[in-house]
Structures are given as structure tokens and as C-alpha cells.
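Results of the structural survey
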Amino acid sequence: MNRKRLVLEIEGIVQGVGFRPFVYRLARHLDLNGWVQNNGHNVKIEIEGSQSDLLSFAERILNECPLHSNIDKIKKDWLEPVGYSDFNFKDSTIHTDTSSHVLADLAVCSDCLKEMWDPCNRRYRYPFINCTDCGPRFSIIESMPYDRANTSMRIFPMCPDCQEEYGDPRSRRFHAQPIACDNCGPQLSLLDNQGRLKASKDEAIKLAAQAISAGSIVAIKGLGGFQILADARNESTISKLRKLKNRPAKPFALLYPNLSRLKLDAQVSKAEKELLQSWAAPIVLLRPLIRYKGVNDGCPSLGAMLPYTPLHYLLMSELPFAVVNTSGNISGDPLCSDNDEALARLGKIADLFLLHNRPIKIPLDDSLAQVIADRPVILRLGRGYAPLAVTTPKYDTHDTSKILSYGAQERNTVAFGSENILSLSAHIGDLDNSRNWQHCQKVIDHMSSLYSFKPTMIASDIHPDYNSTFLATEMARKLQLPLIKVQHHYAHVLSCMGEHQIEPPVLGVAWDGTGYGLDGTVWGGEFLQIGEQFSWQRVAHLRTFALPGGSSREPLRSALGLLWEGGWREDTGHEILQAMLTKGINIVRTSSMGRLFDALSYLLGLVEVVSFSGQAALALESCCILKDYSQFYPFVISGSGVIDWQPMVKDILEDITDNRPVEEIAHCFHNSLVEMIVEVAQRQNITNVVLTGGCFQNRYLLERSIDYLERNGFKPFWNQQVPTNDGGIAAGQILACMSKKKSREI
Ligand code: ZN
Ligand code: ZN
Ligand code: FE
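No experiment lies behind these values; they were computed from the predicted model shown.

**Here we look at the sheet that holds strand E4 (residues 70-79)**
The five strands lie next to each other as E4-E1-E3-E2-E5, forming an open sheet whose pairing is mixed. In this open sheet, the two strands that pair with only one neighbour each are E4 and strand E5 (87-90). When strand polarity is set aside, the average angle formed by the axes of neighbouring strands in this sheet is 20 degrees. Looking at chain direction, strand E1 (residues 3-13) and E4 are connected through nine bridges and run antiparallel.

**Looking at the coordination of the iron ion (ligand 3)**
Of the protein atoms, only His488 (NE2), His492 (NE2), Asp512 (OD) and Asp726 (OD) coordinate the iron ion (ligand 3), at distances of 2.0 to 2.3 Å. We note that the donor set of the iron ion (ligand 3) lies within a single chain, spaced as H-x3-H-x19-D-x213-D. A residue pair is termed long-range when its members are at least 10 positions apart, and histidine 488 in helix H13 (residues 488-500) and aspartate 512 in strand E24 (residues 506-516) qualify at 24 residues. Pair check on accessibility: histidine 488 and aspartate 512 agree, each one buried.

**Remarks on the coordination of the zinc ion (ligand 1)**
Here the zinc ion (ligand 1) is held by the protein donor atoms Cys109 (SG), Cys112 (SG), Cys131 (SG) and Cys134 (SG), which lie 2.3 Å from it. In this structure, the zinc ion (ligand 1) is surrounded by four donor atoms whose angles at the metal cover 105 to 117 degrees, and the resulting shape is tetrahedral. Every donor residue of the zinc ion (ligand 1) comes from the same chain, spaced as C-x2-C-x18-C-x2-C. Placement of the pair is cysteine 109 in the loop between E5 and helix H3 (110-116) and cysteine 134 in the loop between H3 and helix H4 (160-167), with a sequence separation of 25 residues. For cysteine 109, a relative accessible area of 5% gives the class buried.

**Things to note about the pattern of salt bridges**
One pass over the full model with this rule turns up 39 salt bridges. Where arginine 261 meets aspartate 265, a salt bridge forms, and the shortest distance between an N and an O atom there is 3.3 Å. Residue class for arginine 261 comes out buried when judged on its relative accessible area of 18%. Exposure remark for aspartate 265: the relative accessible area of 2% places this residue in the buried category. Its salt-bridge partner being aspartate 366, residue arginine 383 comes within 2.9 Å of it at the nearest N-O pair. A residue pair is termed long-range when its members are at least 10 positions apart, and arginine 383 in the loop between strand E17 (375-380) and strand E18 (388-391) and aspartate 366 in the loop between strand E15 (352-356) and strand E16 (368-372) qualify at 17 residues. Arginine 383 sits in the buried class, given a relative accessible area of 2%. Ionic contacts of the salt-bridge type, sharing partners, join the residues Glu115, Arg122, Arg123, Glu165, Arg172 and Arg173 into one network.

**Describing helix H18 (residues 646-657)**
Spanning twelve residues, H18 covers 17 Å between terminal C-alpha atoms, matching the ideal 16 Å at 1.5 Å per step. The secondary structure elements touched by the buried residues of H18 are helix H14 (555-566), helix H16 (593-603), strand E29 (636-637), strand E30 (642-644) and helix H19 (662-684). Looking one or two places after H18, you find asparagine 659, whose phi comes out positive at around 60 degrees.

**Thoughts on the packing of helix H11 (residues 434-451) against helix H12 (residues 467-479)**
Between H11 and H12, the shortest axis-to-axis distance is 12 Å and the interhelical angle comes to 50 degrees. Relative to H12, the element H11 lies oblique. The element H11 and its partner H12 pack so that their crossing is right-handed. Across the interface between the two elements, Trp437, Cys440 and Gln441 of H11 pack against Asn467, Phe470, Leu471 and Met475 of H12.

**Side note on the nonpolar core**
The nonpolar side chains of soluble globular proteins are, as a tendency, buried together. In terms of nonpolar packing, the biggest core is built from 78 residues, with Leu254, Tyr256, Leu262, Phe353, Leu424 and Met497 touching the most fellow members. If one sorts the elements of this core by residue count, helix H21 (residues 729-742) sits on top with eight residues. Residues within four places of tyrosine 256 in sequence aside, it is in contact with Arg261, Leu262, Asp265, Tyr292, Leu302, Ala304, Met305, Leu306, Pro307, Met316 and Ala322. Ile129, Met153, Leu190 and Leu431 belong to the second-largest nonpolar core, a separate cluster that totals 71 residues.

**As for unusual backbone geometry**
The amide bond that connects alanine 386 to the next residue, proline 387, takes the cis arrangement and shows omega of -5 degrees. Mapped onto the elements, proline 387 comes out in the loop between E17 and E18. For the peptide bond that leads from proline 504 to proline 505, omega is 5 degrees, which places it in the cis range. In this fold, proline 505 is placed in the loop between H13 and E24. You will see that histidine 175, though not glycine, has its phi angle at about 55 degrees, which is positive. Judged by relative accessible area, which is 28%, histidine 175 ranks as partly exposed.

Cut-offs applied
- Residues numbered from 1 in each chain as written.
- Chains lettered and ligands numbered in written order.
- Predicted model: local features only at pLDDT ≥ 70, side-chain atom pairs only at ≥ 80, totals over all residues.
- Heavy atoms only, no water.
- Pairing = 2+ DSSP bridges.
- Helix = DSSP H or I, 4+ residues; strand = E, 2+ residues; numbered from the N terminus.
- Axes fitted to C-alpha atoms, helices over the stretch in contact; angles between N-to-C directions.
- Donors = N, O, S within 2.8 Å, 3.2 Å for Na, K, Ca; no water.
- Buried < 20%, exposed > 50% of the residue type's maximum accessible area, 1.4 Å probe, protein only.
- Tetrahedral: all angles 85-135°; square planar, octahedral: opposite > 155°, others 65-115°.
- Salt bridge = Lys/Arg side-chain N within 4 Å of Asp/Glu carboxyl O.
- Expected span 1.5 Å × (residues − 1).
- Contact = heavy atoms within 4.5 Å.
- Parallel < 35°, antiparallel > 145°, perpendicular 65-115°, else oblique.
- Left-handed = near helix turned anticlockwise from the far one by under 90°.
- Core = buried A, V, L, I, M, F, W, Y, C linked by side-chain atoms within 4.5 Å.

Next up, the structure:
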């Protein structure tokens, strides 16, 4: 027989997904000899046999690779055989940087669930069952490579049974790092808010479920951190929870025992079902069929999710109704992930704590997503998605810079970039308190150590008052590195271009609440044209108006400023604010689309005060419930690209006086914005149009913009993986640095 030696080098997601055991089993099955080795950034295989066997081996690697692996590249080489007599694992040579993917946490798989519900299985009702296809990853990893000794599972020595499965290449738990069972693994306990043990193991689950049914608030330690659960039907419990959490209005997400129960409360499309049942198991924003008082009042959607850990399955099997699931923190603080910390910080909120003794290395919130034009769109990166690796265009093959970016002030995330990969962190939070500052630093330290990442360049927003800019400046000074400041809306546009690997020319529509402009005004209703070498130019924007008392989220101020600018200057009874406008003192001028939403929401009587960002816009979006309503208001775009909303606001004020239904006004307003996008796109005559910024979390606005751009011959792009809100800014900052290097401006 004519023997050959085949060398395969496989790149992609091949670590921590059971790739080597799969190769081992396949080689054994085909009776081929050689070895497989994990190099951190790739898997290398040498294998000997007849040419046809080797070719079929290589083909089956591609076709049958493990569930969560993703092969980017296979390099093949043929060599003379050396006479291997066995197939085995060769020791790892470890080399890590951002190019080696760290796998996100995975929801429990169906095989493990089957075992968990099987009374004859040794893991019957064991809440931490997992295998190479499922279970914790990123939330337990301390350093690379992904081996048990480098995870928080190292404190649980394996029992002989688990050891055997771990070491057996035929087992589906071969080298499953978090492998555990009731004899050797993590255990549950139920504590009251004084820290007294109430129950353990199965009894803990049953008592926790009974308490929730009876109206108690229960904190539970999930995969990425603590969650707070309460019966969604119980109005008094929900209002108590809002008070204790200091979260007056922001919608709560609901956890359902199963899909069929969920479907009674919300519409679920095929794409939404797939997203709910995906490995990331995010909270998905759905169209509600019924409302729970105090849960999502004034909100166009219902955030819903399904159980994703064995523990959630066990608990929810006792609760045949919707349960509020909110992150375990006081609003605005980082998520609690440590048992003692949770008892100390959440003791006043929760009556009981269902916890376990597997440490969480880095806290991760539940992810938030919705389906737009049949495709998933991630709004908050957390458990299941983070860290997000994005392959970017390779701008310069000789470039070795390593960029650390600090993102924005709100919905802060950080990102790491080198060569043509960027890695975006999970949601950190608003950097307006010291706890979130510390959390931001903790995330940077954790990811730097995982990737052995030493930055050579720091990036930040240009906003001088962002705490993220401050932290970036400090870091650049400490490490004596160049600091690159990137305009906020340019970063938004690049975040979307990078994700879709689009080259210029591009028309970027960047609409959000606020971003530091280059002309002394606050930007937010911007059209940026991205030209050769990623240079950019502001080609159109909303007509500015003054916000009395500074950049504020209070809708009243936006409304007064808008009326004043539009020429409606009669007395409104708000003397101080009007005096500011008259005298032009203590005002900022803004072209913000978010503030335009705020103003109109106020004028329509939908909101008076807001307690969270986007609340006024959500109220306006919730009014868009009519089918095929296509009217819109007039507006004027000047030669210099200033979009004058005055004619639109004039008509809206008349419609309000005439008692036109608010739903019709809301539709006409949204539709007018879509007309503006199409008109600017036609003026600039650029095919690729990027829709980005927090305003495009609005499903009606985004779907209609996509539709109308396509009808008019344009190619719309929108953020899908990298969040469209300020959670995506860090990614845009990395891309700004990478693309500028290409043009040699730095
Ligand atoms: Zn599994
Ligand atoms: Zn065991
Ligand atoms: Fe923004």
C-alpha cells in the first residue's frame, strides 16, 4: 500500500469545543495513526495512511466537526510517512493573543438534559451537569489554555467516575473541563438574607420555588452572576422589587419555564424561537400579547428568555408561570457574582439566596437581543456572546500594534485589537460610579491576562468629560503609549462597517442621544460620509436646537428648546428654563435625534419624567401599532445638509391641537425620519448605507429604513453582533486606529 503523511493546520474556533477528542475518535475509527496537538491559535494534525483514507479523513473533519467549533482555514501539506504506530495527543505549545478565541458560555445541551431527567443516570437532577458541548467557559476561565487547572473548577478534584469519563476519548465528556457530578462537583444551598442555611441540594431548589410562588424575592447564582427572581403576576412583589432595586420604570425581562408557556404571552417568529433556544440563550425582545403590570409598562416589547443552565431548568420545572429575572445589583452598579458580596449587597432586596460554591471568575449579565429583518441583533453583549471576536479587514500586513480601547461613558465596553481581530468585552455599565470604574479595570485585567495582551496604543472617545476618556488618558500616561481619540459617531459607523467588512465609500447614518461634536455642539442626528482611506466628513445633520440647563435627558427641556428654536415662543409657565433660552445662558446646542424623540414624546403627553436612557423614545415607538401606515410630515434639507424639522413639528403641533390619534402622529414622525435617510442617501448617491447608533434599537425605525433604502436601490447595513448603542463604541475605536494606520496618519 502506498502510504502518505498528511499534515493539517486548522484555524478558527477549535479550542474548548471538543475538537481534539473529535479528531482522535475519527482517526481511531478510520484506523489511521499520527497525532493531534493544540497550539492555542490552531490545531495541528499529522496522520498517515493511504491517500484516499487521508482525503476522506480531511473531508470528514470539515463535515462532522463539533457543534461549537468553527473552522476558518485548513492548511494541507503532504509529506513522506515516518511510520507512526498509534494515534495520540501531543503536548500543547501555547501561544495566545486575541487571535485565539475564548469561547463564550454555552446553554446546557439536550443530551445533558436527558441525563439530568433520567432517574437511572448518576447525574439525575444534578444542577451542574455539562459536557464538551455545553456549560460554563468564559465565566470560569482564569488563564489560557482552557484547561481545568486554569478555571475556577480546579478546587473540585474529580471523583474516579468523572476522572474516567474525562480521560476516555470515547466519552462525550472527554476533556470537558467543568466536568462534575454530585459526588465531586459544586453544590447548591439556600440561605436566608441573614446568611443562615435553610436547605441544600434538591431541597434548596424546591424551597426556592415555593418561596417565589408565595411572593418572595429570590436571588439565584446563575452562570455569569446573580439574578433576582420574582413572580411576574404578583403586582405587589414587583413594585416592592422596583423600590428596593431603585429601578422605577426600566422594563424587566421574564424567564419562562418553556417555549409553549412563553408563546401564550408573546408573538414568537421562527427566527425569534431559534434565538431563544440558541446556545447563547439571550433575553429576546418580543411583541407582547399580554401585559404584566409593572413589568414593561410603556414599552413596545417584552423581554423574554428560557432556562439555560441545568439549575434554571430544575427551578423552572416547579414554576409554571412567568418569573421576573433581573440582574443581581442595585440599579447602576455592577452585577454581583460572589456569594458573600451578594449577601452583603442584595440582602435588603432578596428574601432568599439560592447559591452554589463554583466561583465565577468574571461577572456576565444576561445578553439582550432582538430580531430585525429575520436576523438576530445583539443589543447587550453578555453571557453567551462575550467576549465577541470580530474579524476585521487586514489593513496592514506588517502592523504589530496592539490597541486597547476604552469605549464610551454609557453602556461602557472595552475592546482589544491586534492584526485583524478585535475582541469586544461584555457590557460593563455606565461609568458614572466608582464601582463600575473598578469593574472596567477588572475586565481589562482579566482579558489582558487571557490574551497575554500588552497594548502599544490606547484609544478613547474625544469627549473630555467621559470617565472612559479619563481612564484611557491615565493608562496611556502610565504606560507611555500614544492615545488616539476618536469622534463618537465616526466610531459608531466604523463599528458597523468593521462587523460587515465593508470598504468605503459608505454613507453612515449615526443617530443617538449624545456624542461630542467637533463644532462645540452636541451631535446625535448625523450623516457621515466615509471616503478613501476611511477619511470622514459630516455631510448632513439635524438642525440644532438649544437645551436649557445643559445636556439633559429631561424631556421637558428638549421640548422647550425645540419649540423655542422653531419659533413657538409663547409663555409655557417654565420661567427659569425659558429665561435661559431667551438670554442664551446655560444652554448647549444639539443636533441629537434622541433629544428630538424626547421632545416629541413629551409634546404628545407620553412621558413627563424619565428614569432610564431611551425611555421617551420607547414610549413613542410603542405607539407604532398600525398596519401599513405610510404618511409622513414635510421637512427641508438645505444645500449644506441641515435637515430642518420645523415644518414637521409645525404639523405635529397642529395634529395635537386637532386631536389626531397619537398612533397616527407617531407613525408619521417615524416615517418622516425614514424619508430623511432616503433623501440624504440620494443626494450623496452612495450605495452602501450604514444605520447605527442607539436610535436604531427602535425596531420600527430600523426595519422601515432597511425596507425603504432597499426599495430605492441602496444597500443598508446595520449592527448585528456589535451593539448599535454605545456598547459598540469600543469596537469602532479599534477600527479607527487600524484603518488610520493604513493611511499612515499615525
Ligand atoms: Zn452537554
Ligand atoms: Zn464526579
Ligand atoms: Fe452613541
